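One letter stands for each residue in the lines below.
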Amino acid sequence: MSTTRPEPTTESRTNMEQLTSASKRKTGLQLPHSFLRSEDGLPPLLSLLRGGRSGEVRLKLYLTASLIAAAHPHEYRRNTPARAWAELLNLPKPATAGARRVSDAFEWLDDHDYLRVDRRRGVPPKFTLLSMNLDGKGYVKPTTEYVAVPLGLWTRHWINALSGTELAILLAILDLPGNDDPHSRQPRFATGEQKDKYGFSDDSWTRATKQLVHLGVLEVTRKVANGGMSQRRNRNIYRLIDPHLDTEPTWPVTCWDSIEE
């Protein structure tokens, strides 16, 4: 099922500008490879996304929280009510249903050791980042073995344009080996074994990549893989046309709803 995502409201744009400016980030967010993929079991990224639209709010809220709590001790202590977070993420009915979805997402993130959240009744949600290994330890910013999530995801409002599944698979494509030079001999591609590490179904991967192509973010081509004649097979090659997400989407955006993996 598809849905239409409206252009961010004035409140959403204002909140996003204030939060990204306060983060002092210049190059976006760093996510360790282990957050995106796993050799055994569900990676943290896919665990976040489970649960349809609830998973989408959790994913977007967590990525944004990780972006803005950049400096040691990786805390966010501003009095930002759930309604303002809902406006930031352009959720419907931000003062009521949207705020409840945000509060539920913060509670889940606390229960599953993504964040440590101040959950006192009547207190705006304040939080501290925890280790992305989900072991309950303190957050350590990755310095090697990470994928760089572009700042344009927030400043150009792609985080509001993409469904949860589309956003997660965009992160997975950013994590793939290779580069985005159209003349490169080392393009991005994913073998079946590599895709299995992210945990997405083939249907989710196909639908999400088609939407990213439709939005002008991604180019997918087919190429015959190297090998003997008995081993030759077509392989999808992925090239991010706008790897820094410098251009804002064309609104309104029609996309697939997030689905439960």
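Structure first, text after, so check above.
Keep in mind that this is a model prediction, so the values were computed, not measured.

### Looking at helix H1 (residues 10-23)
Each turn of an α-helix holds 3.6 residues, which means side chains three or four residues apart point in the same direction.
Next up, step 1: Under the 1.5 Å per step criterion, the end-to-end length of H1 is 20 Å for 14 residues, consistent within 8% with the ideal 20 Å.
Next up, step 2: Listing the buried residues of H1 in full gives Ser12, Asn15, Met16, Leu19, Thr20 and Ser23. Down the axis of H1, the buried set is contained in an arc of 120°. They therefore lie on one face. The outward face of H1, more than 90 degrees from its buried face, is lined by the exposed residues Thr10, Glu17 and Ser21.

### Details of the pairing of strand S5 (residues 126-129)
Next up, step 1: Burial along S5 is two-sided: the residues Lys126 and Thr128 and Phe127 and Leu129 are all buried.
Next up, step 2: The pairing of strand S3 (residues 75-76) with S5 spans 2 bridges and is antiparallel. Opposite Tyr76, over in S5, you have Phe127 as the bridge partner.
Next up, step 3: Where strand S4 (residues 115-118) meets S5, 4 bridges bridge the pair, whose relative direction is antiparallel. From the neighbouring strand, Asp118 faces S5, where its bridge partner is Lys126.

### Notes on the sheet that holds strand S9 (residues 234-240)
Next up, step 1: The strand order across the open sheet formed by 3 strands is S7-S9-S8, and the pairing between neighbours is antiparallel. The open sheet is flanked by strand S7 (188-189) and strand S8 (218-224), the only strands paired with a single partner.
Next up, step 2: Each of S7, S8 and S9 touches helix H9 (residues 164-175); the most contacted strand, S9, lies at about 100° to it.
Next up, step 3: Sheet strands touched by helix H11 (residues 202-214): S8 and S9. Its angle to S8, the strand with the most contacts, is close to 120°.

### Considering the sheet that holds S5
Next up, step 1: The 3 strands are arranged S3-S5-S4 in an open sheet whose pairing can be described as antiparallel. Two strands close off the open sheet at either side, each with one partner strand: S3 and S4.
Next up, step 2: Each of S3, S4 and S5 touches helix H4 (residues 53-68); the most contacted strand, S5, lies at about 75° to it.
Next up, step 3: Of the strands in this sheet, S4 and S5 touch helix H6 (residues 97-111), which is tilted by about 130° from S4.

### Here's the deal with the environment of Arg78
Next up, step 1: Here Arg78 lies in the loop between S3 and helix H5 (82-88).
Next up, step 2: Taking the C-alpha atoms as reference points, Arg78 and Pro125, 47 residues apart in sequence, are found 8.6 Å from one another.
Next up, step 3: Those residues in contact with Arg78 that sit more than four places away from it in its chain are Ala22, Pro125 and Lys126.

### Some points on the pattern of salt bridges
Next up, step 1: Applying the stated criterion to the full structure yields 17 salt bridges.
Next up, step 2: Between Asp110 and Arg116 there is a salt bridge, with its nearest N and O atoms 3.0 Å apart.
Next up, step 3: Put simply, Asp118 and Arg120 hold a salt bridge, and the shortest N to O gap is 2.9 Å.
Next up, step 4: A residue is classified by how much of its surface remains accessible, and Arg120, at 53% relative accessible area, is exposed.
Next up, step 5: Each member of the salt-bridge network shares a partner with another, and the members are Glu107, Asp110, Asp111, Asp113, Arg116 and Arg119.

### Digging into the pairing of S9
Next up, step 1: For S7 and S9, the ladder comprises 2 bridges, and the chain directions are antiparallel. Across the sheet, residue Arg188 finds its bridge partner in S9, namely Tyr238.
Next up, step 2: Pairing of S8 with S9 involves 7 bridges; the strand directions are antiparallel. Bridge pairing in S9 links Glu219 to Arg239.

About the thresholds
- Residues numbered from 1 in each chain as written.
- Predicted model: local features only at pLDDT ≥ 70, side-chain atom pairs only at ≥ 80, totals over all residues.
- Heavy atoms only, no water.
- Helix = DSSP H or I, 4+ residues; strand = E, 2+ residues; numbered from the N terminus.
- Expected span 1.5 Å × (residues − 1).
- Buried < 20%, exposed > 50% of the residue type's maximum accessible area, 1.4 Å probe, protein only.
- Arc of directions from axis to C-beta.
- Pairing = 2+ DSSP bridges.
- Contact = heavy atoms within 4.5 Å.
- Axes fitted to C-alpha atoms, helices over the stretch in contact; angles between N-to-C directions.
- Salt bridge = Lys/Arg side-chain N within 4 Å of Asp/Glu carboxyl O.

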